[in-house]
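Spelled out from the first residue to the last, the chains are:
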Amino acid sequence: MSASSFKLLVKNATQVVLVCRNGEKYLTRDGMQTLAVVENGSVLIGHDGLIKAVGPSDIIESQFKGAKFDNVLDASGMCVIPGLVDAHTHPVWAGDRVHEFAMKLAGATYMEVHEAGGGIHFTVAHTRSATERQLLDGLQSRLERMMRAGTTLVECKSGYGLELDTELKMLRVINSARNSLPIGISATYCGAHAVPKGKTMEEATQDIVAQQLPKIKMQIASGELQVDNIDVFCEKGVFDLNSTRCILKAGKDMGLNINFHGDELHPMNSAHLGAELGALAISHLEEVTDDGIAAMAKAKTSAVLLPTTAYILRLSPPRARDMLDAGVIVGLGSDFNPNAYCCSMPMVMHLACVLMKMSMPEALAASTINAAYALNRSHTHGSLEIGKQGDLVIINAPRWEHLVYQFGGHQELIRFVIIKGEIVYENDKVLNL
Ligand SMILES: N=CN[C@@H](CCC(=O)O)C(=O)O
Ligand SMILES: [Zn+2]
């Protein structure tokens, strides 16, 4: 019995999906198939925004009889899941690429568009000339869209500057969004997203290691910037394995987590490199080898899979089943960028199930605890456990799987999105099934 006061009680939910209940930092193999679920459950969040209790409604009710709650939500007939974690996005840019979608539909490949000066180069030109205010406005509206689709923690990359000033501008914009919106952000420096026009790969590598990273390090030390991860696009015709190693090592030496693009269009031995360097995550992996999978499983380097990329570019999807069977920690991301314009993790989970043969529980584990692991946040995010951040999504359906099953249906299903116990999105237009 406790007579204290709390920020939010969510009570009587038909299902509360904890994802895990024993402080696991990630789930693999069978652990991803059998998620922890409480039937008829409640969640209690304190004034510090952390979860104070979660479990069967009758037990919570008797345990907290007499307590005061700033807000009570009756979730009868609804389900509660942890806030979704999007482990890979490029959300800071100007200039859409709808014209390139038409080119790709007509048969152009991603690299053909890139080598013709489009793709990332097109976005770089527009992002370099955009003001900080324009970039922040775009970022804020994209992040709000992601929140409305249930994302409460998102990785955000720079990488459309490819030179110091614009990379810093993008990182400042990410910082401003972190301070102005409730959504959690993990910031990634991705200055090696492409080789800038007019430079060789070697020159670009040297510029990043000798000019850009030292400046970023100074701004982190002075508190001007918060940067969490370092990324490189390790790909044939972009950064080769040696350059990738050199940049990632330099980032790691200054305290950044390694989280990079690898083995997307060609097998590059990125998985081996990531395992060797102790990378937290490698994204894409459409072309990963069996040995690479084994190395990632051993090193606990997570695989951030991006089903939107394979879908939009008509690639063979990454071999999720082989990775899952080998015990790799599999996470998911939207890959939101001007090539893959998707803000919705529920749609990503659906695509992961249909295109990559994941089960719905695997997709949810990959979009919560495992995506949080990829961002080094699984001690605070990714499951509904006491002491973790009170980030929840409340779905107007009697089983949580509806969020995956109803393709593109999240706008009608998500009733509330809650971050640190605050309602950040309320949808009163939810429909009955
Ligand atoms: N593959 C490299 N980077 C992005 C695409 C970025 C872009 O095309 O603007 C990705 O993850 O899909
Ligand atoms: Zn990417």
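- As named in an unreviewed UniProt entry, the protein is Probable imidazolonepropionase, taken from Carassius auratus.
- Recorded in UniProt for the protein, the comment headed Pathway (unreviewed entry) runs: "Amino-acid degradation; L-histidine degradation into L-glutamate; N-formimidoyl-L-glutamate from L-histidine: step 3/3."
- Listed in UniProt under the heading Catalytic activity (unreviewed entry), the comment for the protein reads: "4-imidazolone-5-propanoate + H2O = N-formimidoyl-L-glutamate".

## A short note on the coordination of the zinc ion (ligand 2)
Then, in step 1: Protein coordination at the zinc ion (ligand 2): the donors are His88 (NE2), His90 (NE2) and His261 (NE2), at 1.9 to 2.1 Å from the metal.
Then, in step 2: Relative to the metal, the 4 donor atoms surrounding the zinc ion (ligand 2) lie at angles of 99 to 123 degrees, and the coordination shape comes out tetrahedral.
Then, in step 3: All donors of the zinc ion (ligand 2) belong to a single chain; written as a sequence motif, their spacing is H-x1-H-x170-H. Placement of the pair is His88 in the loop between strand S6 (84-86) and helix H2 (98-105) and His261 in strand S10 (residues 257-262), with a sequence separation of 173 residues.
Then, in step 4: On the accessibility criterion, His261 (3% relative accessible area) is buried.

## As for the sheet that holds strand S13 (residues 330-332)
Then, in step 1: Taken in spatial order, the 8 strands line up as S6-S7-S8-S9-S10-S11-S12-S13 in an open sheet, and their pairing is parallel. At either margin of the open sheet sits one strand with a lone partner, and together these are S6 and S13. Put simply, the sheet's adjacent strands are angled 25 degrees from each other on average, direction ignored.
Then, in step 2: As judged from the 4 bridges shared by S10 and strand S11 (residues 281-284), these two strands associate in the parallel manner. Across the sheet, the residue bridging to His261 is Ser283, located in S11.
Then, in step 3: Packing of helix H6 (residues 164-180) onto the sheet brings it into contact with strand S7 (151-157) and strand S8 (184-192), and relative to S8 it is tilted by some 175 degrees.

## Focus on the pairing of S10
Then, in step 1: Most of S10 is tucked away, with 5 of its 6 residues classed as buried.
Then, in step 2: Looking at chain direction, strand S9 (residues 229-234) and S10 are connected through 4 bridges and run parallel. Bridging across to S10, Ile230 finds its partner in Ile258.
Then, in step 3: Each parallel crossover has a hand, and the one from S9 via helix H8 (residues 241-253) to S10 is right-handed.

## Quick word on the domain arrangement of the protein
Interface size, as often reported, equals the accessible area lost upon joining of the parts.
Then, in step 1: When its domains are assigned, the protein resolves into domain 1 (5-83 + 383-426) and domain 2 (84-374).
Then, in step 2: Here the C-alpha centroids of domain 1 and domain 2 sit 29 Å apart.
Then, in step 3: The partner domain 2 presents 36 residues to the 33 residues of domain 1 that form the contact.
Then, in step 4: Both sides together, the interface formed by domain 1 and domain 2 hides about 2,900 Å², and carbon and sulfur atoms give 73% of it.
Then, in step 5: The tally of links from domain 1 across to domain 2 stands at 0 salt bridges.

## Details of the site of ligand 1
Then, in step 1: Lining the immediate environment of ligand 1, one finds 15 residues, of which Arg97, Tyr110, Tyr160, His284 and Asp335 sit closest.
Then, in step 2: Within the side chain of Tyr110, one N or O atom sits 2.6 Å away from an oxygen atom of ligand 1.
Then, in step 3: Take His261: an N or O atom from its side chain is 3.1 Å from an oxygen atom of ligand 1.
Then, in step 4: Relative to its free-state accessible area of 330 Å², ligand 1 is covered by the protein chains to the extent of 100%.
Then, in step 5: Taken together, the residues of the shell around ligand 1 break down into 5 nonpolar, 7 polar and 3 charged.

Rules of the game
- Residues numbered from 1 in each chain as written.
- Chains lettered and ligands numbered in written order.
- Predicted model: local features only at pLDDT ≥ 70, side-chain atom pairs only at ≥ 80, totals over all residues.
- Heavy atoms only, no water.
- UniProt positions renumbered as here; feature names shortened; annotations may be inferred.
- Donors = N, O, S within 2.8 Å, 3.2 Å for Na, K, Ca; no water.
- Tetrahedral: all angles 85-135°; square planar, octahedral: opposite > 155°, others 65-115°.
- Helix = DSSP H or I, 4+ residues; strand = E, 2+ residues; numbered from the N terminus.
- Buried < 20%, exposed > 50% of the residue type's maximum accessible area, 1.4 Å probe, protein only.
- Pairing = 2+ DSSP bridges.
- Axes fitted to C-alpha atoms, helices over the stretch in contact; angles between N-to-C directions.
- Contact = heavy atoms within 4.5 Å.
- Right-handed = clockwise from strand over helix to strand, strands pointing away.
- Domains from an automatic or database assignment.
- Buried area = accessible area lost by both parts, 1.4 Å probe.
- Salt bridge = Lys/Arg side-chain N within 4 Å of Asp/Glu carboxyl O.
- Near = heavy atom within 4 Å.
- Polar contact = N/O pair within 3.5 Å; in protein donor to acceptor, adjacent residues only side chain to side chain.
- Areas by Shrake-Rupley, 256 points an atom, 1.4 Å probe, with all protein chains shown as cover.
- Nonpolar A, V, L, I, M, F, W, Y, C, P; charged D, E, K, R; others polar.

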